[in-house]
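# Understanding the architecture of this molecule
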Amino acid sequence: MSSLYSEYLSPDKVLEHYNYTKETLDTQETQSRKVASALIIIICCAIVVENLLVLIAVMRNSKFHSAMYLFLGNLAASDLLAGVAFIANTLLSGRITLRLTPVEWFAREGSAFITLSASVFSLLAIAIERHVAIAKVKLYGSDKSCRMLLLIAASWLISLALGGLPILGWNCLGHLDACSTVLPLYAKQYVLCVVTIFSVILLAIVALYVRIYCVVRSSHADVAGPQTLALLKTVTIVLGVFIVCWLPAFSILLLDYACTVRSCPILYKAHYFFAFATLNSLLNPVIYTWRSRDLRREVLRPLQCWQQATGVQGRRGGIPGHRLLPLRSSSSLERGTHMPTSPTFLEGNTVV
């Protein structure tokens, strides 16, 4: 074991593994590669800004301190960190990759796995919360906020443990024949284990939503109000976007496990699949703000304040034709009571 950890600081190990798993080492910094890297960094910066605005909106307004919005805030936090991890991954790719030590390489790739795990567990927590609130007709009260925060903390601890397994020893250093082609220092068994865990969790989430829809569509359900269905539709869209964005990357990792070394050339194009997966973190905040008028107002507040401070809109500031409305009290879905579903109420204080 000590000899294994002594290799973590070896400057030649990464090059050795890449030489074994790759047919060629194309590390030349071409103009097209520089443009692609710059585009990815710009997208990742947009991911960071979007999710930061969502987090600020959730934290600064007490209306969003209910279980549902806190879980969405946790998902936004994982997406924000994913954007930071993707920026670091891009800056440390190409020619720089071969100059990394194994411990630096594990930190680079492990951060992406940790944020992915946090996103999956956040989706699971949201599904459980919806199932408890709708199928069981129960809600998280203020006395259960500690339990909710513990659930969020546990999801991050599990994510850290899962993403940190390779640096703790579950890797292929010293066993080149067991190495992944896509991730040359990761053991194929580890990659298969992670993808299997994520796939099982996603299937469980889909099963929970199917059950929820069966409950709210049944003639005996008394919770199938417009707000309930709208919020359920929102989180279902979030789940669907996650699956669409990450399914190609999961498929390429499963193919990586099945293929012998250098037998599947498509594995050398895996970075395109992971670049497509980053769109998930970019789209999630758009879905939140598009579906929730209250959250959209709150997200726009920092932008309006910035416009007023810089004088873009003149003396009066603000966005022309847009008037900030005070946020109403918590919706009936989060309080467990049924409010009148008048057009004004549904327009101003619900997920639309």
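Residues numbered from 1 in each chain as written. Predicted model: local features only at pLDDT ≥ 70, side-chain atom pairs only at ≥ 80, totals over all residues. Heavy atoms only, no water.

## Observations regarding the overall build of the chain
Of the regular secondary structure elements, the chain holds 13 helices and 0 strands. Ordered by position from the N terminus, the helices and strands of the chain form the series α-α-α-α-α-α-α-α-α-α-α-α-α. Partitioning the intrachain contacts of the chain with sequence separation of at least 6 by distance along the chain shows that 78% fall at a separation of at least 24. As presented, the chain carries roughly 17,100 Å² of accessible surface, and 66% of it is formed by carbon and sulfur atoms. (Helix = DSSP H or I, 4+ residues; strand = E, 2+ residues; numbered from the N terminus. Contact = heavy atoms within 4.5 Å. Areas by Shrake-Rupley, 256 points an atom, 1.4 Å probe, with all protein chains shown as cover.)

## Let's talk about the packing of helix α9 (residues 270-277) against helix α10 (residues 279-291)
Two elements in contact, α9 and α10, have axes separated by 5 Å at closest approach and are oriented at 10 degrees. Between α9 and α10, the interaxial angle falls into the category roughly parallel. Listed contacts from α10 to A275, F276 and A277 of α9 are L279, N280 and S281. Broken down by class, the residue content of the contact of α9 with α10 amounts to 4 nonpolar, 2 polar and no charged. (Axes fitted to C-alpha atoms, helices over the stretch in contact; angles between N-to-C directions. Parallel < 35°, antiparallel > 145°, perpendicular 65-115°, else oblique. Nonpolar A, V, L, I, M, F, W, Y, C, P; charged D, E, K, R; others polar.)

## Here's the deal with the packing of aromatic side chains
Aromatic ring pairs are reported here in terms of the distance separating the ring centres and the angle at which the planes meet. All chains considered together, the criterion is met by 11 aromatic pairs. Relative to Y186, the ring of W105 has its centre 5.2 Å away and its plane inclined at 85 degrees; by these criteria the two rings are edge-to-face. On the criterion of sequence distance, the pair formed by W105 in helix α5 (residues 102-135) and Y186 in the loop between α6 (145-168) and α7 (188-217) is long-range, its members being 81 residues apart. Across this residue pair, the class does not change: W105 and Y186 are buried. (Phe/Tyr/Trp six-rings, centres within 6.5 Å; stacked < 30°, edge-to-face > 60°. Buried < 20%, exposed > 50% of the residue type's maximum accessible area, 1.4 Å probe, protein only.)

## Some points on α10
The end-to-end C-alpha distance of α10 is 18 Å, a good match for the 18 Å that 13 residues give at a rise of 1.5 Å each. Those residues of α10 that fall on the buried side of the exposure criterion are N280, S281, L282, N284, P285, I287, Y288, T289 and R291. (Expected span 1.5 Å × (residues − 1).)

## Things to note about the pattern of salt bridges
Summed over all chains, the structure comprises 5 salt bridges. In this structure, K13 and E16 form a salt bridge, with 3.2 Å as the shortest nitrogen-oxygen distance. Here K13 and its partner E16 are both found in helix α2 (residues 13-21), 3 residues apart, which amounts to about one turn of the helix. Here K13 falls in the buried class, since its relative accessible area comes to 13%. The partner of R130 in a salt bridge is E129, with the nearest N and O atoms 2.6 Å apart. With relative accessibility at 0%, the residue R130 sits in the buried group. In this structure E129 comes out as buried when scored by relative accessible area, which is 1%. It is possible to trace a salt-bridge network through shared partners that takes in E7, K13 and E16. (Salt bridge = Lys/Arg side-chain N within 4 Å of Asp/Glu carboxyl O.)

## Focus on the UniProt feature "transmembrane region" (unreviewed entry) in the chain
UniProt records the feature "transmembrane region" (unreviewed entry) at residues 35-58, 70-92, 112-128, 149-169, 189-210, 230-250 and 270-290, using the numbering of this structure. A helix fraction of 95% and a strand fraction of 0% characterise residues 149-169, whose end C-alpha atoms lie 30 Å from each other. Across residues 189-210, the secondary structure splits into 100% helix and 0% strand, with the terminal C-alpha atoms separated by 31 Å. (UniProt positions renumbered as here; feature names shortened; annotations may be inferred.)

## Here's the deal with the packing of helix α3 (residues 31-60) against α10
Between α3 and α10, the least distance of the axes is 8 Å, while the angle of their chain directions is 35 degrees. For the crossing formed where α3 meets α10, the hand is left-handed. Where α3 abuts α10, its residues I43, A46, I47, E50, N51 and V54 lie against S281, L282, P285, V286 and Y288. Counted by class, the contact of α3 with α10 contains 8 nonpolar, 2 polar and 1 charged residues. (Left-handed = near helix turned anticlockwise from the far one by under 90°.)

## Examining the state of the cysteines
Here a disulfide denotes a covalent bond joining the sulfur atom of one cysteine to the sulfur atom of another. Taken as a whole and judged by the stated rule, the model has 2 disulfides. Paired through a disulfide, C172 and C179 show a sulfur-sulfur distance of 2.1 Å. Residues C172 and C179 are joined by a disulfide whose S-S torsion is about 105 degrees; by sign, that bridge is right-handed. The same class applies to C172 and to C179, which are both buried. Each sulfur in the disulfide pair C259 and C264 lies 1.8 Å from the other. What sets the handedness of the C259 and C264 disulfide is the S-S torsion sign, and at about -80 degrees it is left-handed. There is no split in this pair, since C259 and C264 are both buried. Here the cysteine-cysteine linkages of the chain are recorded as 1-2, 3-4, numbering only bonded cysteines and doing so in sequence order. (Disulfide = S-S within 2.5 Å.)

## Quick word on unusual backbone geometry
Positive phi, close to 65 degrees, is recorded for R262, a residue that is not glycine. By the element assignment, R262 lies in the loop between α8 (226-258) and α9.

## Quick notes on the nonpolar core
Grouped together as the largest cluster of nonpolar side chains are 80 residues, with contacts concentrated most on W105, I126, Y186, I205, Y209, W246 and Y288. Excluding its chain neighbours within four sequence positions, the residues that come into contact with I126 are M68, F71, L72, L75, Y209 and V235. The next biggest cluster of nonpolar side chains, apart from the first, holds 5 residues, and it includes C44, A82, F86 and A112. (Core = buried A, V, L, I, M, F, W, Y, C linked by side-chain atoms within 4.5 Å.)

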